[in-house]
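Secondary and tertiary structure notes
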Amino acid sequence: MKKLNVVIWNEFRHERTKEKIKAIYPDGLHAAIKSYLDKNEDMEVSLAALDDPDQGLPDERLENIDVLLWWGHAAHKEVDDALVEKIRERVYTGKMSFIALHSGHHSKPFKAIVGTNGNLSWGREQKEIMWNLMPSHEIAAGIPDHFLIESEEMYGEPFYIPQPDALVFGAWYEDGHIFRAGACFNRGAGKVFYFQPGHESCRSYYNPYVLRIIENAIRWAKPTEHGYEIEDKCPHITAAITEEFNQL
């Protein structure tokens, strides 16, 4: 059986430069997620980082990814635009799916794929209640009607994203803010999921429900086909008509 090729991309800067963050995620927050996912025998999970050669995603690797998870925060502008376009194209043709984690709402790939500036409201770290809004959805499998995250950076509305195709989770914070915390988008033949928890100074990637949701999202996002190419032309227009049109 062919394994699902999953790559977790992370800036991997905070964990190497800030002792407080390193104490929480000594091998990187992407490694904490991988440690959980490695129990799945049908997944081949690997890591990539911004400072790796080719920013962790050379062509030969990118072309074999089924689901790409993306965590970015302080270095969004450093991501190469050519790489972003390759990611967007693979998602739109259904060859790969994309999962944006936490500050990935401002990442270049998420904004390019979904069509958003990614802006939102934000505030201090505080208690968060994650509400399961669509318990019948595949991503919500095994998740109770709500669960507590002891400390998480507050993201609040308005969140300038297009209307999600499915809103699976909503968040409420102790300051009273609400947020669309788990949103699905269909783009071309590909799937996108945005999931809010995961601030670097919080322990959200040790929360069993957060990790289960990420696992579920990977399975939901699994490409059903190998993708397809769309020719940018109309078969009903002959070469003669095209030439005539170009002369107008």
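Attention in this report is confined to the structure presented alongside it. (Residues numbered from 1 in each chain as written. Predicted model: local features only at pLDDT ≥ 70, side-chain atom pairs only at ≥ 80, totals over all residues. Heavy atoms only, no water.)

What follows concerns the layout of surface pockets. In this structure, the second largest pocket spans a volume of roughly 190 Å³. What lines the second largest pocket is His-73, His-76, Ser-103, His-105, His-106, Leu-120, Trp-122, Glu-153, Tyr-155 and His-199. Its residues placed into classes, the lining of the second largest pocket shows three nonpolar, six polar and one charged. (1 Å grid on protein atoms, 1.4 Å probe; cavity = no way out; pocket = protein on both sides within 12 Å on 5 of 7 lines; lining within 4 Å. Points joined across faces, edges and corners; volume = space filled by probe spheres on them. Nonpolar A, V, L, I, M, F, W, Y, C, P; charged D, E, K, R; others polar.)

Here we take up the packing of helix H3 (residues 29–37) against helix H7 (residues 208–221). At a minimum axis separation of 10 Å, H3 and H7 run at an interaxial angle of 75 degrees. Classed by the angle they form, the pair H3 and H7 counts as roughly perpendicular. Where H3 approaches H7, its residues Ile-33, Tyr-36 and Leu-37 are matched on the opposing element by Leu-211, Arg-212, Ile-214, Glu-215 and Ile-218. A per-class count over the contact of H3 with H7 returns six nonpolar, no polar and two charged. (Axes fitted to C-alpha atoms, helices over the stretch in contact; angles between N-to-C directions. Helix = DSSP H or I, 4+ residues; strand = E, 2+ residues; numbered from the N terminus. Parallel < 35°, antiparallel > 145°, perpendicular 65-115°, else oblique. Contact = heavy atoms within 4.5 Å.)

Right, let's talk about the nonpolar core for a bit. If you look at the biggest cluster of nonpolar residues, it comprises 72 residues, and the most contacted ones within it are Leu-57, Leu-68, Ile-87, Phe-98, Phe-169, Phe-193 and Ile-218. A per-element tally of this core places H7 first, with eight residues. Each residue touching Leu-57, except ones within four places of it in the same chain, is listed here: Val-7, Trp-9, Ala-48, Leu-62, Ile-65, Leu-68, Trp-70, Leu-83 and Ile-87. (Core = buried A, V, L, I, M, F, W, Y, C linked by side-chain atoms within 4.5 Å. Buried < 20%, exposed > 50% of the residue type's maximum accessible area, 1.4 Å probe, protein only.)

Relative to the assigned elements, Thr-116 resides in the loop between helix H6 (108–114) and strand E5 (121–132). A distance of 2.2 Å separates a polar side-chain atom of Thr-116 from the backbone oxygen of Tyr-160. Not counting the four nearest positions on each side in its chain, Thr-116 is found in contact with Phe-110, Lys-111, Tyr-160, Ile-161 and Pro-162. (Polar contact = N/O pair within 3.5 Å; in protein donor to acceptor, adjacent residues only side chain to side chain.)

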